[in-house]
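Listed below are the residues making up each chain.
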Amino acid sequence: IDQHRAHVRILYERYLKRLKAHKMESQKLLFPEMVQLTPQEANTLQEVAGDLHDMGFELTDMAGGSYSIQAVPTGVEGVNYASLITDMLAQAAEKAGAMREDVQQGMALSLARNAAIPVGQVLGNNEMENIVNSLFACEDVNHTPDGKKIIAILRQQEIDLLFD
């Protein structure tokens, strides 16, 4: 099991459920961060402002393409919030003209990718067990939302060959 991809799948489904139920929780930042947007990104922000708010983001327009990030969804600590916002706006712009649900899915995927445990991070037994249990509670345990494999099954013979 690729633990990063599994965590992306878990978070993606969790964010979509919360977004559809309008139950995303946010936390105010003690020190708001600034993000500078291009005119295109600012236009996209205006189009998806409601969805961003529903996801737990609170942004204040500071004029000139600058925005202050006042609040973020809970569970995304340690992430570069400015690059997260621009990544989510890029996903939304890519889906421009698509159904609102497609835009939300793209934004949820971007948020999940940024909030997921990093590739190669060592996990303890309880953390690994929690990832596996949460993964198997997902709708699709085999693939990430963008179609990458999460699970690979190796036969004993294949494992033996790796150690010869």
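This section reports on the structure supplied with the text. These figures come from a predicted structure and were not determined experimentally. Counting starts from 1 at the beginning of each chain's written sequence and moves along it residue by residue. Side-chain atom pairs in this predicted model are given and counted only at pLDDT of 80 or more, local residue features only at pLDDT of at least 70, and totals for whole chains, interfaces and linings cover all residues. To obtain the side-chain values, all non-hydrogen atoms of the structure were used and water was disregarded.

The next thing to look at is the overall build of the chain. Of regular secondary structure, the chain possesses six helices and three strands. Helix and strand definitions follow DSSP, with helices as H or I runs of at least four residues and strands as E runs of at least two, each counted in order from the N terminus. Reading the helices (α) and strands (β) of the chain from amino to carboxyl end gives α-β-α-β-β-α-α-α-α. Overall size of the chain, expressed as C-alpha extent along the three principal axes, is 65 × 35 × 30 Å. On the chain, roughly 9,700 Å² of surface is accessible, and the fraction owed to carbon and sulfur atoms is 51%. By the counting rule applied here, Lys and Arg register as positive and Asp and Glu as negative, while His and the ends of each chain are not counted. For this purpose, a charge sits on NZ of Lys, CZ of Arg, CG of Asp or CD of Glu. Within the chain, one finds 14 positive and 23 negative side-chain charges whose respective centroids are separated by 4 Å. Each accessible area is a Shrake-Rupley result for a 1.4 Å probe, and residues are judged covered by the shown protein chains and nothing else.

The next point concerns the environment of Leu-109. If you trace the backbone, Leu-109 turns up in helix α4 (residues 100-115). When the C-alpha positions of Leu-109 and Val-79 are compared, they lie 15 Å apart, and in sequence the two are 30 residues distant. Here, two residues are considered to be in contact whenever any of their heavy atoms come within 4.5 Å of each other. In this view, Leu-109 contacts Val-8, Tyr-12, Pro-145 and Asp-146; residues no more than four positions away in its chain are not counted.

Tyr-15, Met-55, Phe-57 and Leu-111 are the most contacted members of the largest nonpolar core, which totals 36 residues. For this core, the elements supplying multiple residues, two or more each, are α1 (3-21), β1 (26-36), α2 (39-55), β3 (66-73), α3 (81-94) and α4. Those residues in contact with Phe-57 that sit more than four places away from it in its chain are Leu-52, Ala-71, Val-72, Pro-73, Leu-84, Ile-85, Met-88 and Leu-111. Side-chain atoms within 4.5 Å link the members of a nonpolar core, which is a set of buried Ala, Val, Leu, Ile, Met, Phe, Trp, Tyr and Cys residues. Whether a residue is buried, partly exposed or exposed follows from its accessible area with a 1.4 Å probe, protein chains only, as a fraction of its type maximum: under 20%, in between, or over 50%, in that order. Listed in part, the 10 residues of the second largest apolar core include Ala-6, Ile-10, Ile-117 and Ile-131.

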